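Observations on the three-dimensional arrangement
The residues making up each chain are set out below.
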Amino acid sequence: MKEISCKLLVIGAGPGGYVCAIRAGQLGVDTVIVEVGKPGGTCLNVGCIPSKALIHAAEEFDKVSHMAGGKSPLGISLSAPVLDLGKTVAWKDGIVSRLNSGVAGLLKKAGVKTVHGWATFRDGKTVEVETETGSQVIRAETIVIATGSAPVELPFLPFGGSVISSTDALALSAVPKKLAVVGGGYIGLELGMAFAKLGADVTVVEALPRVLAQYDAELTRPVVKRLAALGIEVMAGAKAKGLSTKGDALLVETADGKNAKVSADKILVTVGRKPVTEGWGLDQIDLDRSGKFIRIDDQCRTSMRGIFAIGDVTGEPMLAHRAMAQGEMVAEIVAGHKRSWDKRAIPAVCFTVPELVTVGLSPEEAKAQGEIKVGLFPFAANGRAMTKLGEDGFVRVVARADNHLVLGIQAVGQGVSELAAAFGLALEMGSRLEDIAGTIHAHPTQGEGFQEAALKALGHALHI
Ligand SMILES: Cc1cc2nc3c(=O)[nH]c(=O)nc-3n(C[C@H](O)[C@H](O)[C@H](O)COP(=O)(O)OP(=O)(O)OC[C@H]3O[C@@H](n4cnc5c(N)ncnc54)[C@H](O)[C@@H]3O)c2cc1C
């Protein structure tokens, strides 16, 4: 059995793990990373990137379909488009594979050694990896667990056959005629809306009284409107119960307690993700948990000295950029820097139609802390939004009433994901309403909505 030793061992090369390893390598820390799959983890291979590629293709197809249907107000008409989903998926796979090589190259450039295989703890300082060429033992002074998350499977709707996970949905060879989506969270709606645009007849079954329930109703209203416009039926307050005997329908208990059948050739289950805490010897090291996640402190240290954990395995929000920020911080701590988690906010983007962005506190959450001011500026009054047929939506700024410190920013609208950077920066810099209102925002851009929302909260918006 081969043995190597290193200062830092990272388990899992998702956004958390690979960023941690690259930063550690840059800082001269002797680092090894172990990955059983391809570099990039869930995000790059079966999450953020491929889903956004599919969403973009669906958006383009929908756009030209409207033009072909003579419904475009832009005066453009053309003949009916044809979709070759195989080609779309191959294009998406090409992006993923370019990024796989990119991450592998960055790890190499930083001097990180990559070991391919499944890692299992033997004890708090030793890990055994099953590689293609046999077992490899790695001893490390410090170990970072970045094993990520996996889709939650419903016991009465196990994955297989017509029941698919988000991973399967990103690799279909044909658009399902009828798609039932179980779970109206962001992954279910992003994919459900994309397939509806590609021509599928989509039904969303959500157990809670409304979809995207983690957001307030004012914010999700434009998305709900668009779901209806896309012909997506939303069964809210309904429980998926199982598969019909023939496997061609989803059995549902509706909000009023009746039994219903949703015929579907594919049933996409997106009811959440669970941390990967099994199969790698967690029992050998007996770390404290926080619910199903690994418990960490403000430096991502676990309950065992010398073992850190980052990313989805440590809890919500399960987002790639949180994992990356934790990875970078831990690498610097291992290299001897004084660091701890001091972020004011983690932006969250939902790539539905239209898109949603939230940073910091919602009006309800902020109100619970004291008196607030809220400014909302609709895109219906924004010139750039009009030129993009993107009038549905708004930017909303939430601030303390006494000193105008910005506590939260939300937006819904076409392409607002790109405003996440400005919103995050404003919060991280401790901006007040006057800072945003006093910043010249380029015209004509949707970003002007941000400035106007701050002006509105101050009581003197200019364009409404
Ligand atoms: C469809 C979908 C869309 C998403 N869209 C977004 C989005 O738009 N924005 C966003 O921020 N987030 C998005 N996410 C979430 C995002 O993918 C995760 O938050 C992110 O990947 C978490 O990073 P991580 O490093 O913690 O873990 P992961 O990316 O899950 O990586 C963990 C890695 O560890 C490896 N591994 C696990 N155990 C072992 C072991 N014992 N030995 C060796 N290797 C091991 C796995 O193979 C995996 O590669 C999406 C997720 C999905 C499913």
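Residues numbered from 1 in each chain as written. Predicted model: local features only at pLDDT ≥ 70, side-chain atom pairs only at ≥ 80, totals over all residues. Heavy atoms only, no water.

Attention now goes to the overall build of the chain. Helices and strands together make up the secondary structure of the chain, namely 14 helices and 24 strands. Relative to its length of 464 residues, the chain is compact, with a C-alpha radius of gyration of 24 Å against a globular reference of 23 Å. Overall size of the chain, expressed as C-alpha extent along the three principal axes, is 70 × 60 × 45 Å. Looking at the 464 residues of the chain, the share that counts as buried comes to 52%. Considering only intrachain contacts with a sequence separation of at least 6, the fraction spanning at least 24 residues in the chain is 62%. Charged side chains in the chain number 49 positive and 49 negative. The centres of these two groups are separated by 2 Å. (Helix = DSSP H or I, 4+ residues; strand = E, 2+ residues; numbered from the N terminus. Rg over C-alpha atoms; globule rule 2.2 N^0.38 Å. Buried < 20%, exposed > 50% of the residue type's maximum accessible area, 1.4 Å probe, protein only. Contact = heavy atoms within 4.5 Å. Lys, Arg positive; Asp, Glu negative; His and termini not counted. Charge placed at Lys NZ, Arg CZ, Asp CG, Glu CD.)

It is worth spelling out the packing of aromatic side chains at this point. By the definition in use, this model includes two aromatic pairs. Ring centres of Phe-121 and Trp-280 lie 5.8 Å apart, and the angle between their planes is 50 degrees; on these two criteria the pair is classed as tilted. With Phe-121 in strand 4 (residues 118–123) and Trp-280 in the loop between strand 16 (273–275) and helix 8 (282–285), this pair connects stretches of sequence that are 159 residues apart. Where Phe-423 meets Phe-450, the ring centres are 4.8 Å apart and the plane angle is 65 degrees; that geometry is what we call edge-to-face. (Phe/Tyr/Trp six-rings, centres within 6.5 Å; stacked < 30°, edge-to-face > 60°.)

This brings us to the sheet that holds strand 8 (residues 163–164). With respect to topology, five strands assemble into an open sheet ordered 8-15-9-10-11, the strand pairing being parallel. Single-partner strands in this sheet number two, and they are strand 8 and strand 11 (233–236). Pairing between strand 10 (residues 201–206) and strand 11: four bridges, direction parallel. Along strand 11, the bridge assignment pairs Thr-203 with Glu-233. Helix 6 (residues 186–197) rests against strand 9 (178–182), strand 10 and strand 15 (266–269) of the sheet, and its axis sits at about 160 degrees to strand 10. (Pairing = 2+ DSSP bridges. Axes fitted to C-alpha atoms, helices over the stretch in contact; angles between N-to-C directions.)

Where helix 1 (residues 15–26) meets helix 9 (residues 320–334), the axes come as close as 7 Å, and the angle between the chain directions of the two elements is 30 degrees. When the axis of helix 1 is compared with that of helix 9, the two are roughly parallel. Judged by the twist between their axes, the crossing of helix 1 over helix 9 is right-handed. In contact with Pro-15, Gly-16, Tyr-18, Val-19, Cys-20, Arg-23 and Ala-24 of helix 1, helix 9 contributes Ala-320, Ala-323, Met-324, Gly-327, Glu-328, Val-330, Ala-331 and Glu-332. By residue class, the composition of the contact of helix 1 with helix 9 is 10 nonpolar, two polar and three charged. (Parallel < 35°, antiparallel > 145°, perpendicular 65-115°, else oblique. Left-handed = near helix turned anticlockwise from the far one by under 90°. Nonpolar A, V, L, I, M, F, W, Y, C, P; charged D, E, K, R; others polar.)

In short, the description is geometric, and any link to function would need to be established separately.
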